[in-house]
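# An overview of the molecular structure
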Amino acid sequence: MSTLLEIKSSVLRQVQVCPSFRRRTEEEPASSSADPPEPAAGAWKPGDGVEFFAQMRLILKKGEGRQGLPCPEVLLRSRSPAPAEPVDPSRGLRTLSQEEVDMLYEEALYTVLHRAGTMGPDQVDDEEALLSYLQQVFGTSPEEHAAAVERVKKAKAPTYALKVSVMRAKNLLAKDPNGFSDPYCMLGILPASGAVQEPSPHKEQRFSFRKGSKRGGPLPAKCIQVTEVKNSTLNPVWKEHFLFEIEDVGTDQLHLDIWDHDDDVSLVEACRKLNEVIGLKGMSRYFKQIVKSARANGTAGPTEDHTDDFLGCLNIPVREVPVAGEDRWFKLEPRSSASRVQGDCQLVLKLITTQRDTNMSQRGRSGFLSYLLLLSRLLQFEHRAEEPNSSSWRGELSGPAATVLCLHGAQNNLSALQLAVLHWQVSSRHHQTRTLDYGYLLGLLEDLQAHWEEAGSLPQEQEEGLADSFSAFSEFGLQLLRQLRDYFPASNSTAVYRLELLLKCLGKLQIFQPSFEICPFETELNMDIAAALKRGNREWFDRLLNTQSPREQPGPQRLTGLVKLADAVYEDLQSCYGIYASLFHSIIKVDFFTLTFRQLERLVAEEAWVLTEELSPKMTLEVASGLFELYLTLADIQRFWSSIPGRDSRSLALAGIHAPFLPAVKLWLQVLRDQTKWRLQGAVEVDTLEPMDASSKHSSSAATASLCFSHIQELWACLAWPDPAQAQTLGAQLSQDLCEAALFYTELLRKKVDAQPGAAGEAVSEPLCVVLNDVELLRKAAGQALRGLAWPEGAAGLEGTLPRPLLSCTQALDEDLQREARTVTAHLTSKMVGDVRKYVQHVSLSPDSIQNDEAVAPLLKYLDEKLALLNASLVKENLSRVLEALWELLLQAILQALGANRDVSADFYGRFHFTLEALVNFFHAEGQGLPLESLRDGSYKRLEEELRLHQCSTRECIEQYYLDKLKQRSLEHNRFGRLSVRCHYEAAEQRLAVEVLHAADLLPLDANGLSDPFVIVELGPPHLFPLVRSQRTQVKSRTLHPVYDELFYFSVPAEACRRRGACVLFTVMDHDWLSTNDFAGEAALGLGSVSGVARPQVGGSARAGQPVTLHLRRPRAQVRSALRMLEGRPNKEAQEFVKRLRELEKYMEADP
């Protein structure tokens, strides 16, 4: 058979690798009982504890979402559409009369029929399409529409004008010696006869104010304008504005020249005077006359060159000006191919009408008002085509609508600021009648802000209208904020985004507040918002109070509703902090969370104070349960405030609210104790003592117990009683109750397993394994729960340490459960005692002819099989316990086998020595089993010593006896007293001098409380000093501190003193006159360290060396083991040595 020295338990090696057992706290075990339904509102009823703990789980589940500050990602759970906002048709613009509608219809048709300029790519250039669209908007019949169109066509055409703003030029040519120019612009309208002719193929030539084509008839004085001269620059900035009347939109064009001025005369003045002249013919002559007149009135000398240099020109047909106007850079053009020009000129062009033959114009209705009415009409029509309940429409107008508005705004010369104001006024009013997207309204306000910063003011009437729109919108927004929770619920991300945009709109209104001469707000808008929020908070709370806990109801009935109300307040405060607070603070600088928390906390505190005062005299189990749940929510509200940095809960209305709840909490905790025991008892009754499932090794009742203790710990954390003295009382009682419940559970388990019939011949009992795992799980769960029951100890308590009562309770319970685990372990291993002894006996009876590994193979095989079963059934900690118990069982079995076999061969002891080392390797399992330190301790040392001594000769055993005495140390140095001696070896006389000086603190062995001590001095071992007899001191009567000062000589060779185990033994006895002497203590001194033995004595003094103090003691077990070994030896030397020692033991007392 192959050697088994390398046999290791594969199971043991996996102990460290397997995942550690984890407590299951997610759900109640299915095998224990079905998860009960959630209890109805009201108090639980006593029973098996299931309903009680079901309600307790519901309370804890509420607290799970209250750990730490809320996260927006957790609160925003829904992406559904936002709730519909309230609309009121009366908040829109006033309804027009039929006459006003007809006038507006005529105005729109007139705008389309007399459109001028170039349409943009996104605009509708089809006249019929535009007219058809207006027919739909105004809802006219085809006949009415045709008649209206015909009337408008017969009306007088409007008077057109071109607004030209000469802004700046850049990169002009330098015409002066200093490297710059002095540019100015001359611009005017070139009628059709003065338009640019098609150039001949021989010479390219453009019109200019100096050299143009002739035209018959007088030139209107308003045709020519001139800018100021900008000296010494190539990038002039003018920003001058001109208005030119247009005779023919289709053929007229704008002509602009840029010249370098070389005179100091005022061209503007010359141009003004010459513009008064009529009858001049020819464009070039006309402008030449302007220049000549300017020179004639100037100061330049006749010899100087007064010719202005040409810098470039522009020719822009009026018909090419976009309908909406344009602001662009135009590249300067030369007069002819020979001209050299460069640079660009920025112009702002807009084609408008100055006279309109419509009823609205004739009645003095401004273009501003007509645009407002037209935009409102179009917006209502366009929005009507959207979804009926849509609140996401962003005012996207159709092509015809946008085109009509663009034409009307341009023809009525509305500025960008006026257009922005009109769109805001109409859209904000329309929003209050039918909801729009707040992003669209915010965009209108941003556009209005941008143009406001550029223009800065409006006519008073228009500014008043804008202020009214701001007031109406802010009033509408404040109404929504009062009902914030209804229209912008915190769980709806869509609604929260709408709230953010609404607040941004209100924030934009605050920007305009200091800009108005007529302020639309009586107070600061953010103050109005804060007032609206406070009012909304109160209305929300009162509505909840009337619904959940009306004051008319009796106190017990109100209690359930007040718990729901407090829960709703907590959830609302979470939403305020996690969602609303950042929006209000960042956008409009309102501390919404502090405002709301202070208000709601005060309101709920008032209700709680009143109700607890009413219910205190009526304390029942039902009332206590409701008050307990109410207090947990109120405590959560306080902790919520305290968890925010910089907040102090002492200033809250809830401060001190715990006081009236104390009686209810005490009563509830008392019931918790009883319900816990009932719950554990019911769990054990249905427990089959089988593992819950393949992944666990404990039974269902242990999971129930662990879950109960976990709930108790979590409940204590939620309770967080603020008063330290009261918390200590509550915590100490709760911890005591928990310990009692844990021990109660182990007692139930013990009775359960004792009542089960055991399987015959089963060495490893599965129920016992399950019970052992249950106890270990309970020990961990109870320990963790107890550590979680720590209460505040005030300033005296150390951070992170358990209070003393709780620490003592925790340690005591752990010791009790460890003891219980050891008891179950002993019960489990006791079933293996017979088999272990049988296999150990097989080793002892094996003949010397077989190999040692073959002799121990059956024992190792048996152990491997059983440990495989144990590993599959036990958790890691319990497997270690069983291994330790089994190891001790094996050591005791081997010791018994050795004691039963006397006078056997040395091979017998060698086989057991081999067996012991094989078992050490087996149980150590290359570091995966028990550690070597624990394996080689305790009984192992005794066994190893016996095996070693059995292999020694008689004299070696005797020497070991004395060596053990020299190694022995007194565990209690002052218990048996002390003895002072002095020894040295006199080499000349070949003798050992031993001087007994004195003793102290001896044991009182006589009735008088004293002793009559004397000291016996002898050398050992006897075979080293066969001719030396023991000597003794005189008896010192009635003392515990005798002084001897007696010197004894022993004639012995130095070589004998250097031998192994050589020593001088001092035995202190109490002399009795009428009975045997009493043993008081002994001490040994090794001769190898005596002066003169290890090295020659220097000086020859008879009393060389220092005194040595020896502590007296009694013989220990390891000393007696050598004695027992000698008792079994039949030879004469061993028997005589044992006989002499037995005579000495007669005088010894048993160890105290």
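Along each chain, the written sequence defines residue order, and numbers are assigned to residues from 1. Note on the predicted model: pLDDT of at least 70 is required for a residue's local features to be given, and 80 or more for side-chain atom pairs to be given and counted; whole-chain, interface and lining totals, by contrast, use all residues. As a rule here, side-chain values come from all non-hydrogen atoms in the structure, and water together with hydrogens is ignored.

Moving on, we get to the sheet that holds strand β12 (residues 1031-1032). Hydrogen bonds between backbone groups are what pair the strands of a sheet, and the pairing can be parallel or antiparallel. Pairing within the open sheet is antiparallel, and its four strands lie in the order β12-β11-β14-β15. Two strands close off the open sheet at either side, each with one partner strand: β12 and β15 (1078-1086). What makes two strands pair is DSSP finding at least two bridges between them. Numbered from the N terminus, helices here are DSSP runs of H or I no shorter than four residues, and strands are runs of E no shorter than two. Bridge count between strand β11 (residues 1013-1020) and strand β14 (residues 1063-1070): eight bridges; the pairing is antiparallel. Looking at β14, one finds that Gly1020 is bridged to Cys1063. Two residues qualify as a contact provided that any one of their heavy atoms is within 4.5 Å of a heavy atom in the partner residue. Lines fitted to C-alpha atoms define the axes, with helix axes restricted to the stretch in contact, and inter-axis angles between N-to-C directions lie between 0 and 180 degrees. Where helix α32 (residues 954-967) meets the sheet, its contacts fall on β11, β14 and β15, and the angle it forms with β15 comes to roughly 95°.

Here the focus is the confidence of the model for the protein. Of the residues in the protein, 81% have a pLDDT of 70 or more, and the chain-wide mean is 81. pLDDT measures how confident the predictor is about each residue, on a scale from 0 to 100. The low-confidence segment residues 1-45 (pLDDT under 50) makes 97 contacts with residues lying over four places distant or belonging to another chain. Residue range residues 194-205 is modelled with pLDDT below 50. Its contacts to residues more than four positions away, or to other chains, number 13 contacts.

Before going further, it helps to examine α32. Helix span, as expected, comes to 1.5 Å for every residue beyond the first. Between its first and last C-alpha atoms α32 spans 20 Å; for 14 residues at 1.5 Å apiece the expected length is 20 Å, and the two agree. For every residue, the accessible area obtained with a 1.4 Å probe (protein chains only) is divided by the maximum for its type, and the residue is called buried under 20%, exposed over 50%, and partly exposed between those limits. Among the 14 residues in α32, ten count as buried, and that is most of the element. For α32, the complete set of buried residues consists of Thr954, Cys957, Ile958, Glu959, Gln960, Tyr961, Tyr962, Leu963, Asp964 and Lys965.

Pairing is antiparallel in the open sheet, where four strands are placed in the order β13-β10-β9-β16. Unpaired on one side and paired on the other, β13 (1043-1051) and β16 (1108-1111) mark the two borders of the sheet. The mean angle between the axes of side-by-side strands here comes to 30°, regardless of whether they run parallel or antiparallel. Pairing analysis gives nine bridges linking strand β9 (residues 978-986) to strand β10 (residues 991-1000), with the strands arranged antiparallel. Its bridge partner being in β10, Tyr985 is matched across the sheet by Leu992.

Pairing of aromatic rings covers Phe, Tyr and Trp, the last through its six-membered ring, and needs centres within 6.5 Å; plane angles under 30 degrees mean stacked, over 60 mean edge-to-face, and all others mean tilted. Across all of its chains, the model carries 24 aromatic pairs by this definition. Here Phe593 and Phe640 contribute two aromatic rings whose centre-to-centre distance is 5.7 Å and whose plane-to-plane angle is 65°, an arrangement assigned as edge-to-face. You can see Phe593 sitting in helix α19 (residues 592-615) and its partner Phe640 sitting in helix α20 (residues 621-642), a full 47 residues away along the chain. For Phe593, a relative accessible area of 2% puts it in the buried group. Their ring planes at 45° and their centres at 5.5 Å tell us that Tyr631 and Phe661 sit as a pair that is tilted. You can see Tyr631 sitting in helix α20 and its partner Phe661 sitting in the loop between α20 and α21 (662-685), a full 30 residues away along the chain. Here Tyr631 matches Phe661 in class, with each residue buried. Chaining the aromatic ring pairs together yields one cluster made of Tyr570, Tyr577, Phe593, Phe597, Phe640 and Trp641. Throughout this description, the term charge over a ring refers to an Arg CZ or Lys NZ atom that lies within 6 Å of the ring centre and within 35 degrees of the ring normal. Note that Arg1032 overlies the ring of Phe1014, its terminal NZ or CZ placed 3.9 Å from the centroid.

This next bit is on the nonpolar core. Nonpolar cores were defined as sets of buried Ala, Val, Leu, Ile, Met, Phe, Trp, Tyr and Cys residues, with membership established by side-chain atoms within 4.5 Å. In this structure, Trp424, Leu448, Leu481, Ile529, Phe584, Leu634 and Phe923 are the most contacted members of the largest nonpolar core, which totals 224 residues. At 16 residues, helix α18 (residues 555-588) tops the list of elements feeding residues into this core. Residues in contact with Leu448, not counting those within four places in the same chain, are Leu417, Ala420, Val421, Trp424, Leu466, Phe470 and Phe512. Formed by 37 residues, the second largest nonpolar core is a distinct cluster that contains Leu979, Val1017, Tyr1044 and Val1068.

This part covers the environment of Thr823. Along the polypeptide, Thr823 turns up in helix α25 (residues 804-830). A relative accessible area of 46% means that Thr823 is categorised as partly exposed. For the pair Thr823 and Leu772, spaced 51 residues apart in the sequence, the C-alpha separation amounts to 9.3 Å.

With that settled, consider the pattern of salt bridges. When a carboxyl oxygen of Asp or Glu lies within 4 Å of a side-chain nitrogen of Lys or Arg, that pair is called a salt bridge. Evaluation of the coordinates by the stated rule reveals 34 salt bridges. Glu228 is paired through a salt bridge with Lys230; the nearest N and O atoms lie 3.7 Å apart. For Glu776, the salt bridge goes to Arg779, with nearest N and O atoms at 2.8 Å. Remark: Arg779 and Glu776 occur in helix α24 (residues 766-787); sequence separation between them is three residues, near one turn of the helix.

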